[in-house]
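# What the coordinates show
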Amino acid sequence: QVQLVESGGGLVQTGGSLRLSCAASSIIFSIYDMAWYRQAPGKQRESVATITTGGRTIYADSMKGRFTISRDNAKNTVHLQMNSLKPEDTAVYYCNAAGRPFGVYVNYWGQGTQVTVSS
């Protein structure tokens, strides 16, 4: 069955960096748009970054210039490089895969990895 597993979260000081990874299984990875979302306590889940099947990237305004999303189709992985981290970036970060493999839209989620940025 489909599985998305995030890793790379942790505790970092303001201004530091982390690199998140998401490993996918049981999907044809290359035909899915991949994305990172995050959710802080008491807040709605929000989009962080997306990378399409064609490699086009989209970032939320608050992440633009600090975060970089990338994918490795050969390894079925997507990464999020996070630099210049701020306390406001503290959240659980989720990996997402979205596509229409058989003409029907499907959307998969990982279980998340915690990122904590201390001031």
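Residues numbered from 1 in each chain as written. Predicted model: local features only at pLDDT ≥ 70, side-chain atom pairs only at ≥ 80, totals over all residues. Heavy atoms only, no water.

### With respect to the packing of aromatic side chains
Applying the stated rule across the entire model yields 2 aromatic pairs. Note on Y37 and W109: the rings are 4.9 Å apart at their centroids and 65° apart in plane angle, and the pair reads as edge-to-face. With Y37 in strand β4 (residues 33–39) and W109 in strand β10 (residues 106–109), this residue pair connects regions lying 72 residues apart in the sequence. The ring centre of Y94 lies 3.8 Å from the NZ or CZ of R45, which sits over that ring. (Phe/Tyr/Trp six-rings, centres within 6.5 Å; stacked < 30°, edge-to-face > 60°. Helix = DSSP H or I, 4+ residues; strand = E, 2+ residues; numbered from the N terminus. Lys NZ or Arg CZ within 6 Å of the ring centre and 35° of its normal.)

### Considerations on the pairing of strand β7 (residues 67–72)
Alternating positions in β7 separate cleanly, F67, I69 and R71 being buried on one face and T68, S70 and D72 remaining unburied on the opposite face. In the sheet, β7 pairs with strand β8 (residues 77–82) via 6 bridges, with the strands oriented antiparallel. Opposite T68, over in β8, you have Q81 as the bridge partner. What sits between β7 and β8 in their antiparallel hairpin is a turn of 4 residues, with N76 showing a positive phi close to 55°. (Buried < 20%, exposed > 50% of the residue type's maximum accessible area, 1.4 Å probe, protein only. Pairing = 2+ DSSP bridges.)

### Quick word on unusual backbone geometry
In most cases, non-glycine residues show a negative phi, while peptide bonds are predominantly trans. We note that N76 has phi near 55°; this positive angle belongs to a residue other than glycine. Relative to the elements of secondary structure, N76 occurs in the loop between β7 and β8. We note that S84 has phi near 50°; this positive angle belongs to a residue other than glycine. Along the chain, S84 falls in the loop between β8 and β9 (91–99).

### Some remarks on the pattern of salt bridges
One pass over the full model with this rule turns up 4 salt bridges. A salt bridge links D89 to R38, with the nearest nitrogen and oxygen atoms 2.9 Å apart. Of this pair, D89 sits in the loop between β8 and β9 while R38 is found in strand β4, placing the two residues 51 residues apart along the sequence. By relative accessible area, R38 is classed as buried at 6%. (Salt bridge = Lys/Arg side-chain N within 4 Å of Asp/Glu carboxyl O.)

### Brief notes about the state of the cysteines
Where two cysteines share a covalent bond between their sulfur atoms, that bond is called a disulfide. Within the structure shown, the criterion is met by 1 disulfide. The disulfide bridge from C22 ends at C95, spanning 2.1 Å between sulfur atoms. Its S-S torsion of approximately -85° makes the covalent link between C22 and C95 left-handed. Of the two residues, C22 sits in strand β3 (residues 18–25) while C95 sits in strand β9, which places them 73 residues apart along the sequence. Across the pair, exposure class does not vary: C22 and C95 are buried alike. (Disulfide = S-S within 2.5 Å.)

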